[in-house]
Structures are given as structure tokens and as C-alpha cells.
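Given next are the chains, with one letter for each unit.
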Amino acid sequence: MEGADAAVIDWLLAGDPAVRWQTRRDLLDEPPALWAADRAQVALTGWGAQLLAQQDAAGTWGGGLYSPKWISTTYTLLTLRHLGLPPDNAQARVGCMLLLEQGFYRDGGINFFKSYKFSETCVTGMVLALLSYFQCRDERVPQIVTHLLGQQMEDGGWNCERPRGATHGSFHTTLSVLEALHEYVQLAPDGASAVQTAVDRAHEFLWQHRLYRSHRTGQVADPDLIRIFFPPRWRYDFLRALDYFQAVNAPADDRMTDAVQLLLSKQTPDGRWKQGTNWAGQVFFYMEKVGQPGRWNTLRGLRVLRWWRRSEIRTRAWVKNVSPSGGMSE
């Protein structure tokens, strides 16, 4: 496999089924027939099975919809989505429908907070991602999409603090909404055209910030944006952003070069990436040890680099074949 040592691939394949099936799909280009069995194992063994076992009789995790962090229904389902739990999993769908039934708000978004008189945009994005990924076909799902499109800011981003006066997009909120819209168009391909303009504007927002820099000073906007850890929870970081652009097969925009170089700088000599410090909060268990080689970060890092190199080649080929007048060269 291009760009990865065979020993690193073997190490990934020796890991949890969640890492194994994504390695086969994303790094080895194997067809579904070869990785489907590993994906099915996510619900039966390893990290996925451990998380599913924590669901209570009411269908929730941690006894709550959004809190306590990080063992609530929302955050457990987000982790299961990252693991690639099969979308038809019945337990996950029960949890998703609880989020929808108890969180759907009169403005068309999601609001779990009694003190709020408006939907919280970050939470709305995360819940839309879950409803879409786990294929919950409900008439309220398109309404949530419409709500989110109406919350986009002039700069192309989203910010959950907008109702309190924020005028600039947030890294965190913008990426959560982008991930949600990507999942939504997988669920409802006919809705892709309705969201494309908003998605393009949001991509431009992140590219203008080079994925982690201040648009005013060019400096790192927040040191936490250049950490790499898993799972990301609601937090934005540059690797999560790169992995999103990889997932949507975006073009190799030059403004992502800084982030790609940063990713390379964090790769260890043996071709892996370490697990960063976890966010404080309750967990059912830790998947990987802080400071040690992490299969999640290594898998994500390698698939990002693979996409970037292929995208660069594709972009260069397109530029080469387009004449200065805008027509195709002979």
C-alpha cells in the first residue's frame, strides 16, 4: 500500500475490528465482500460490543441524552459512528430515536436544554449526523437540515454562540455541521443539491483559516486545534478536519498544505502516530493509551495522506489539461 510500511498495516490489522475493517477499506482498497465480516464484528466483540453493552433498559447510555460527558447517549453513539458500527444496528437506532423524540425543538433543530429557547447548533449537527448515519428515515430529519442551513453565518461557518451575538464562525460547530450534511446526503442523495452551496461556503471558511489558523494573524488560532486525539467528542482538530475532507474526496486545495505538513511532522519514525491526551470527563473505558502509538490516529493519518497524494495528482492533471482561456488543451 502506497505510503505505509507493511509492518504498520499488519499492526493495524491486528487491532480491534473497528480499525481492521476500515484499514481494509481505506488503505488496502479491498471490496466490501472482504471487510464486511470485520465490520459486523464491531457489534459483537471489542470496543463496539463493550459500548453497546452499556445501553440501559430505557435505551440510553449514561442515563442521559447529552450528559454526562462522555458516557451519554449522544457521545456513545458518536463513538460508535466513528467505529463504523453497521448502520442498521437496532440498539443504535433506539438511541437515535430517543434523541430525536426528546430533542426535536419547535425551531426545527435539536434542544436538550431547558434553559435554552433555541436549538443548539453543535448538538443539532451531531444529532443529524447520527440520525443520518444510522438511517433513521423520519420526516423531521429534513427539517433539521433546513434549520441548520438557516443558521449558516455570513463568513460561511456556523457557531452555536450565534444566538448570543457571535458574528464569526466556529471551527467546532462548522465541522460538526459539515460532517452531518455529508452523512445526510448519503441517506438522502436527492438532497445533495440543496446543501451543496452551504457546504462549498463552509469549505471555503475552513480553507481561509488553513484549517487551524487565525484569518487575522495567520497564527495558530488555539493550541488545542493542532492536537491529535481520539475520539474527538465535540472538539475540532486539524486531523479531524483533514479526515472529513478525505471522506468527501475534496480537491487538494493548497490552503490545506500547512495542515498536511503538520500531520507529517507528528508522524513517528516507525510510520505511526501517537494517541494524544484525552479530554477530561467520564468514560466507559479508554481505547488507547496516551503517548503510545495509536491505531486510530495512525489509520486516520495514513488515509488522509493517501487521499492527499491522489488528490494532488488529480488536481495537477486537471490544471495541466485546462488552457489559460478556460478551455481544454489538446
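Our structure's up above, just so we're on the same page.
For clarity, every value in this text was computed on a predicted model and none was experimentally measured.

Conventions used here
- Residues numbered from 1 in each chain as written.
- Predicted model: local features only at pLDDT ≥ 70, side-chain atom pairs only at ≥ 80, totals over all residues.
- Heavy atoms only, no water.
- Helix = DSSP H or I, 4+ residues; strand = E, 2+ residues; numbered from the N terminus.
- Buried < 20%, exposed > 50% of the residue type's maximum accessible area, 1.4 Å probe, protein only.
- Lys, Arg positive; Asp, Glu negative; His and termini not counted.
- Charge placed at Lys NZ, Arg CZ, Asp CG, Glu CD.
- Core = buried A, V, L, I, M, F, W, Y, C linked by side-chain atoms within 4.5 Å.
- Contact = heavy atoms within 4.5 Å.
- Polar contact = N/O pair within 3.5 Å; in protein donor to acceptor, adjacent residues only side chain to side chain.
- Expected span 1.5 Å × (residues − 1).
- Axes fitted to C-alpha atoms, helices over the stretch in contact; angles between N-to-C directions.
- Parallel < 35°, antiparallel > 145°, perpendicular 65-115°, else oblique.
- Left-handed = near helix turned anticlockwise from the far one by under 90°.
- Nonpolar A, V, L, I, M, F, W, Y, C, P; charged D, E, K, R; others polar.
- Salt bridge = Lys/Arg side-chain N within 4 Å of Asp/Glu carboxyl O.
- Phe/Tyr/Trp six-rings, centres within 6.5 Å; stacked < 30°, edge-to-face > 60°.
- Lys NZ or Arg CZ within 6 Å of the ring centre and 35° of its normal.

Caption draft 1: Just the overall build of the protein chain, in detail. The number of helices and strands found in the protein chain is 13 helices and 0 strands. Seen in sequence order, the protein chain has helices and strands lined up from the N terminus as α-α-α-α-α-α-α-α-α-α-α-α-α. With the principal axes as the frame, the protein chain shows a C-alpha extent of 60 × 45 × 40 Å. Here the protein chain holds 330 residues, and the buried ones make up 53% of them. Here the protein chain carries 36 positive and 34 negative side-chain charges, and the mean point of each set is 4 Å from the other.

Caption draft 2: Representation of the nonpolar core. Among the nonpolar cores identified, the biggest contains 92 residues, and Phe134, Leu211 and Leu242 are the most heavily contacted of them. In terms of residues, this core owes the most to one element, helix α9 (residues 171-187), which gives 9 residues. Beyond its immediate sequence surroundings of up to four residues, Phe134 is in contact with Leu77, Leu80, Arg81, Leu85, Pro86, Pro87, Ala92, Arg93 and Cys96.

Caption draft 3: Region of interest: the side chain of Arg303. Relative to the elements of secondary structure, Arg303 occurs in helix α13 (residues 295-320). A polar contact is formed between the side chain of Arg303 and the side chain of Asp26, at a distance of 2.7 Å.

Caption draft 4: Focus on helix α7 (residues 121-133). Taking 1.5 Å of rise per residue, the 13 residues of α7 would be expected to cover 18 Å, and the 18 Å separating its terminal C-alpha atoms lies within 8% of that figure. Counting buried positions along α7 yields 13 of 13 residues, so the element is predominantly enclosed. If you check the start of α7, you find a side-chain oxygen 2.8 Å away from the backbone N of Cys122, and it comes from Glu120. Downstream of α7 by one or two residues, Gln135 has phi in the positive range, about 55 degrees.

Caption draft 5: Up close: the packing of α9 against helix α11 (residues 238-247). Running from N to C, α9 and α11 point in directions that differ by 25 degrees, and their axes come no closer than 11 Å. Classed by the angle they form, the pair α9 and α11 counts as roughly parallel. For the element pair α9 and α11, the recorded crossing hand is left-handed. Counted together, Leu175, Ser176, Leu178, Glu179 and His182 of α9 and Arg240, Ala241, Tyr244 and Ala247 of α11 form the full contact between these two elements. By residue class, the composition of the contact of α9 with α11 is 5 nonpolar, 2 polar and 2 charged.

Caption draft 6: Looking closely at the pattern of salt bridges. Counting across every chain of the model gives 19 salt bridges. Across the salt bridge formed by Asp258 and Arg210, the nearest N and O atoms sit 3.0 Å from each other. Of this pair, Asp258 sits in helix α12 (residues 257-265) while Arg210 sits in the loop between α10 (192-208) and α11, and the two are 48 residues apart along the sequence. Notably, a salt bridge pairs Asp253 with Arg255, separated by 2.9 Å at the nearest N-O pair. Under the relative-accessibility criterion, Arg255 is labelled partly exposed at 22%. Ionic contacts of the salt-bridge type, sharing partners, join the residues Arg20, Arg24, Glu30 and Asp38 into one network.

Caption draft 7: Summary view of helix α2 (residues 17-26). Of all the 10 residues making up α2, 8 are buried; the element is thus mostly covered by neighbouring parts of the structure. For α2, the full list of buried residues reads Pro17, Ala18, Val19, Arg20, Trp21, Gln22, Thr23 and Asp26. The residue sitting at the N-terminus of α2 and contributing the capping side-chain oxygen is Asp16; that oxygen lies 2.9 Å from the backbone nitrogen of Ala18.

Caption draft 8: Region of the structure containing the packing of aromatic side chains. Enumeration according to the criterion identifies 16 aromatic pairs in this entry. Pairing Trp70 with Tyr75 gives two aromatic rings, centres 4.9 Å apart and planes at 80 degrees, and the pair type is edge-to-face. With a relative accessible area of 1%, Tyr75 lands in the buried category. Geometrically, the ring pair formed by Trp307 and Trp308 is edge-to-face, given 5.7 Å between the ring centres and 65 degrees between the ring planes. Each member of the pair Trp307 and Trp308 is classed as buried. Cluster of aromatic residues (ring-pair linked, three or more members): Tyr66, Trp70, Tyr75, Phe113, Tyr116 and Phe118. One Lys or Arg, Arg235, reaches over the ring of Trp279 and ends 4.0 Å from the middle of that ring. Over the ring of Trp11 we find Arg272, and its NZ or CZ is 4.4 Å from the ring centre.

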